[in-house]
Each structure stands twice: as C-alpha cells, then as structure tokens.
Amino acid sequence: MSDLKTKENDASVEDFLAAVEDDARRQDCLALQSMMERITQKPAKMWGASMVGFGSYHYTYKSGRSGDWFVTGFSPRKRDLTLYIMPGFENYGVLMEILGKFKVGKSCLYLKRLSDVDLDVLETLISQSVEDMQAMYDCS
C-alpha cells in the first residue's frame, strides 16, 4: 500500500496565498482563510503544495488503508476556487439550493469567485460540515 502523497507540512500559508497572481482570487482566499479559521478554531496549514487545510482527522477505509486529512480546506486552482466539504453534499440540500452559483464534485465545491455565492449560507455549510466531521471522527 502506498502512502498518501498529500500531507500537512510546514510551508507558509501566507507565502502561498501571497503568490496567487489574480488579486480577486487572492482576496477570496484570504476571506476563506479567515472564515475557516473562525469556524474550526484551527490555524491554516499547507497540505501538499497547493491546498490550505484546517484541523485534521484520521480515517481508515474498509480495505485497511488509512491516513490523515484536513477537516475542511480550500485551494486556489487555476479554473476555480475549490473548497473541500469532506462529508460531501448529500445532507445539505437546502443550503445548496440557496447557496448561489457553483459546481460540485464528490467533496469539492467549485466557485469562480466568492461573490457568486451567499457568504452567510457558505459559512453555514462549512460550519455544518465541520460539525458533521467532528461527530464522525476524532478531529484535532
């Protein structure tokens, strides 16, 4: 079994975000950092070279594979701002209906910009997902 390549590291979140070329994207990232730190009560940490995560939990799959991952986080990808909502979206239908303009993957919320969504709804979504993760896992 191979180790997960993306791990928490000591790289500077501030330097990473300062290097985001698009000013609007950079400002959105700083707003997300502040929001996620407030929600999780955890500092931002780099995970791999391009993800900013908050808190962590240990998981073990039925296959026996296990690892550590962040409770919530984001990444300023080239096309979209990607937010990681680790429980997925199945339990958040009402919030998703009123959130605004977005796309989703299994646990990824893709936004062009924060101004495309209702920030209060986004904060509620992130808060509920963090609470759900804390109920499922021993989160640090």
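Residues numbered from 1 in each chain as written. Predicted model: local features only at pLDDT ≥ 70, side-chain atom pairs only at ≥ 80, totals over all residues. Heavy atoms only, no water.

Digging into the overall build of the protein
Worth spelling out the cut-off: Helix and strand assignments come from DSSP, with helices taken as H or I runs of at least 4 residues and strands as E runs of at least 2, each series counted from the N terminus. We call a residue buried when its accessible area falls under 20% of the maximum for its residue type, exposed when it is over 50%, and partly exposed in between, using a 1.4 Å probe and counting protein chains only. Residue contacts are counted whenever heavy atoms from the two residues lie within 4.5 Å of one another.
Helix and strand counts for the protein come out as 4 helices and 9 strands. Counted from the first residue to the last, the protein has its helices and strands arranged as β-α-α-β-β-β-β-β-β-α-β-β-α. Seen through its principal axes, the protein has C-alpha atoms that stretch 40 × 35 × 25 Å. Going through the 140 residues of the protein one by one, you find that 44% of them count as buried. Taking the contacts inside the protein whose residues are at least 6 apart along the sequence as the reference set, 52% of them involve residues at least 24 apart.

Here's the deal with helix H2 (residues 23–40)
Applied cut-off: One less than the residue count of a helix, multiplied by 1.5 Å, gives the span that helix is expected to have. A 3.5 Å cut-off defines polar contacts: any pair of N or O atoms within that distance qualifies, except that in protein one atom must be a possible hydrogen donor and the other a possible acceptor, and neighbouring residues in sequence count only when both atoms are side-chain atoms.
Helix length check: H2 (18 residues) gives 26 Å between terminal C-alpha atoms against 26 Å at 1.5 Å per residue, within 8%. Those residues of H2 lying buried are Arg25, Arg26, Asp28, Cys29, Leu32, Gln33, Met35, Met36, Ile39 and Thr40. At its buried positions, H2 is contacted by helix H1 (13–18), strand S2 (44–47), strand S3 (51–54), strand S6 (72–76), strand S7 (81–85) and helix H4 (119–136). Among the residues of H2, the N-terminal cap falls to Asp22, whose side-chain oxygen and the backbone nitrogen of Ala24 are separated by 3.2 Å. Gln41, located one to two residues past H2, shows a positive phi value of around 60 degrees.

Describing the sheet that holds strand S1 (residues 8–9)
Cut-off, in case you're wondering: A strand pair is defined by DSSP finding two or more bridges across the two strands. Here an angle of 0 to 180 degrees is reported between the N-to-C directions of two axes, which are lines fitted to C-alpha atoms, with helices fitted over the stretch in contact.
Judged by pairing direction, the sheet is antiparallel, and its 7 strands sit side by side in the order S1-S2-S3-S6-S7-S9-S8 without closing on themselves. Bordering the open sheet on either side are S1 and strand S8 (103–104), each of which pairs with just one other strand. Examined bridge by bridge, S6 and S7 share 5 bridges and lie antiparallel to one another. Paired with Phe74 across the strands is Leu83, a residue of S7. Together, S6, S7 and strand S9 (108–111) form the strand contacts of H4, whose direction differs from that of S7 by roughly 40 degrees.

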